[in-house]
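Each chain is listed here by its residues.
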Amino acid sequence: MSGERQVAVPIRLRSGLVLGLASAIGLLMLFWPLLLQVDPAGDGRVDPPFLFLVLMPLILAVVLAEMGEGGLDSRVLAILGVLSAVNAVLRVASAGTAGLELVFFLLILGGRVYGPAFGFVLGCTSLFASALLTAGVGPWLPFQMLVAAWVGMGAGLLPRGVRGRREIVMLVVYGIVAAYAYGLLMNMWGWPFIAGIQVPGQDTSELAYVPGAPVLENLHRFLVYSLLTSTGGWDTGRAITNALAIALLGPAVLTTLRRAARKARVVRAEPASARVDRN
């Protein structure tokens, strides 16, 4: 059976439902500023849903446990540990200066070879391990883990039959798109806290979040905020880093990961009679 027809962590029906539910909840947690309704008769006070910060780690823990039930055997777990450790070191080495983050390059290739479920788990573990090394643990960490998990999962969902140069081109394009998507999603979570929340009767920034405003108005403010603060700098640097790393190192790394995948795959035991006949 071809190695490309198998994945390290298969997504079963129950795992898929848990993964879909967690992703839907994660999207609600990220886009709460656009969904929040404010009572016009109230005092204008806005209480961000900080309960999400408690729920998100629990949701990720449930997803990871469910993925483990779906097929994280010892050999696949060893590969996951190695790739997570390498990704953590790469993130420390690149430090994210001007968006130069190498962690997504290996995450995309790992998800491509081992499948969407493995990519999801790798995204979570890589960001968590790197946060421990860089003292980057904070309320943003669960959201970084979730969005990185989506990046790895998306790489695993790309068409499996594309190989050779076309595969590298496809992964380069995906790496660029994923870089900007990661930046936008993380900006959405932190936008009200960084740009501020506009208070009625006070002169505040035009980029600030306006509670209860129409979705298109707040979305316009958010997009302008993102363009000015990260899209032209950090996100573009991340996109260029992904593209160059995948184009230059992708073929060799893909070959290495696929060789490891073949060795890690569980081989069905031969009947004793077959072994006797062959001897």
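Placed above this text is the structure.
Think of each chain on its own: its residues are numbered from 1, step by step along the sequence as written. Since the coordinates come from a predicted model, pLDDT governs what is reported: local features require at least 70, and pairs of side-chain atoms require 80 or more to be given and counted, while whole-chain, interface and lining totals use all residues. Note that water and hydrogens are dropped before the side-chain values are worked out from all heavy atoms of the structure.

Colleague: Explain the overall build of the protein chain to me, please; I cannot follow it from the model alone.
Modeller: For the protein chain, the count of helices and strands is ten helices and zero strands. Every helix listed is a DSSP run of H or I at least four residues long, and every strand listed is a run of E at least two residues long, numbered separately from the N terminus. Taken from the N to the C terminus, the helices and strands of the protein chain come in the order α-α-α-α-α-α-α-α-α-α. Expressed as a percentage of its 279 residues, the buried residues of the protein chain come to 46%. Residues are treated as being in contact if the distance between any of their heavy atoms lies within 4.5 Å. A fraction of 78% describes how many contacts in the protein chain between residues 6 or more apart in sequence connect residues 24 or more apart. Each residue is placed in one exposure class: buried if its accessible area under a 1.4 Å probe, protein chains only, is under 20% of its type's maximum, exposed if it is over 50%, and partly exposed if it falls in between.

Colleague: Would you mind showing me how to read a nonpolar patch on the surface here?
Modeller: A grouping of Ile-240, Leu-244, Leu-248 and Leu-249 is seen on the molecular surface, where their side chains present a nonpolar patch of about 420 Å² in accessible area. Inspection of the secondary structure assignment puts Leu-248 in helix α9 (residues 215–264). Residues enter a patch when their relative accessible area is above 30% and they make no salt bridge; the linking distance is 9 Å between like charges and 5 Å between nonpolar side chains (Val, Leu, Ile, Met, Phe, Trp, Tyr). Accessible surface is estimated by sampling points in the Shrake-Rupley manner with a 1.4 Å probe; for residues, cover comes only from the protein chains shown. When a carboxyl oxygen of Asp or Glu is within 4 Å of a side-chain nitrogen of Lys or Arg, the pair counts as a salt bridge.

Colleague: How should I be thinking about the packing of helix α1 (residues 13–30) against helix α7 (residues 141–156) in this particular structure?
Modeller: In a packed pair of helices, the relevant descriptors are the angle between the two axes and the axis-to-axis distance. Where helices are involved, their axes are fitted lines through C-alpha atoms of the stretch in contact, as for all axes, and angles between N-to-C directions lie from 0 to 180°. Between α1 and α7, the least distance of the axes is 11 Å, while the angle of their chain directions is 130°. One element, α1, and the other, α7, form an angle in the oblique class. Between α1 and α7 lies a crossing whose hand is left-handed. Packed against α1, whose contacting residues are Leu-19, Ser-23, Gly-26, Leu-27, Met-29 and Leu-30, the element α7 presents Phe-143, Leu-146, Val-147, Trp-150 and Met-153 at the interface. Orientation labels follow simple angle bins: below 35 degrees gives roughly parallel, above 145 gives roughly antiparallel, 65 to 115 gives roughly perpendicular, and whatever is left gives oblique. Crossing chirality is assigned from the near helix's rotation relative to the far helix, an anticlockwise turn below a right angle marking it left-handed and a clockwise turn marking it right-handed.

Colleague: Looking at this model, I keep getting lost on the packing of aromatic side chains. Mind explaining?
Modeller: Any Phe, Tyr or Trp ring, taking Trp's six-membered ring, that has another such ring centre within 6.5 Å forms a pair; planes under 30 degrees apart are called stacked, those over 60 apart edge-to-face, and the others tilted. Evaluation of the coordinates by the stated rule reveals three aromatic pairs. Between Phe-104 and Tyr-182, the aromatic rings sit 4.7 Å apart at their centres with planes inclined by 65°, giving edge-to-face as the arrangement. Of the two residues, Phe-104 sits in helix α5 (residues 103–114) while Tyr-182 sits in helix α8 (residues 164–194), which places them 78 residues apart along the sequence. Across the pair, Tyr-182 and Phe-104 agree in class, each one buried.

Colleague: Please explain the nonpolar core as it appears in this structure.
Modeller: General note: in soluble globular proteins, nonpolar side chains tend to be found buried as a group. Counting residues in each nonpolar core, the largest one holds 53 residues, and the members touching the most others are Leu-83, Tyr-114, Phe-118, Phe-120 and Trp-150. The set of elements that each furnish at least two residues to this core consists of α1, α4 (74–94), α5, α6 (116–134), α7, α8 and α9. Broken down by element, this core gets its largest block of residues, eleven residues, from α7. The term nonpolar core refers to a set of buried residues drawn from Ala, Val, Leu, Ile, Met, Phe, Trp, Tyr and Cys, joined through side-chain atoms within 4.5 Å. Trp-32, Leu-34, Met-188 and Trp-191 belong to the second largest nonpolar core, which has seven residues in total.

Colleague: I keep staring at α5 and nothing clicks. Help me out?
Modeller: Helical geometry: 3.6 residues make up each α-helical turn, so side chains three or four residues apart lie on a common side. Multiply 1.5 Å by the residue count of a helix minus one, and that product is the helix's expected span. Compared with an ideal rise of 1.5 Å per residue, which puts twelve residues at 16 Å, α5 spans 17 Å between its outermost C-alpha atoms and is within 8% of the ideal. For α5, the tally of buried residues reaches twelve of twelve residues, placing the bulk of the element in the interior. Taken together, the buried positions of α5 are Val-103, Phe-104, Phe-105, Leu-106, Leu-107, Ile-108, Leu-109, Gly-110, Gly-111, Arg-112, Val-113 and Tyr-114. Positive phi shows up at Gly-115, right after α5, with a value of about 105°.

Colleague: Is there a simple way to explain the environment of Leu-184 in this structure?
Modeller: Within the secondary structure, Leu-184 is located in helix α8. In this structure the C-alpha to C-alpha distance between Leu-184 and Leu-227, which are 43 residues apart in sequence, comes to 9.3 Å. Setting aside residues up to four positions removed in sequence, Leu-184 forms contacts with Phe-222, Ser-226 and Asp-235.

Any functional reading would require information that these geometric values do not contain.
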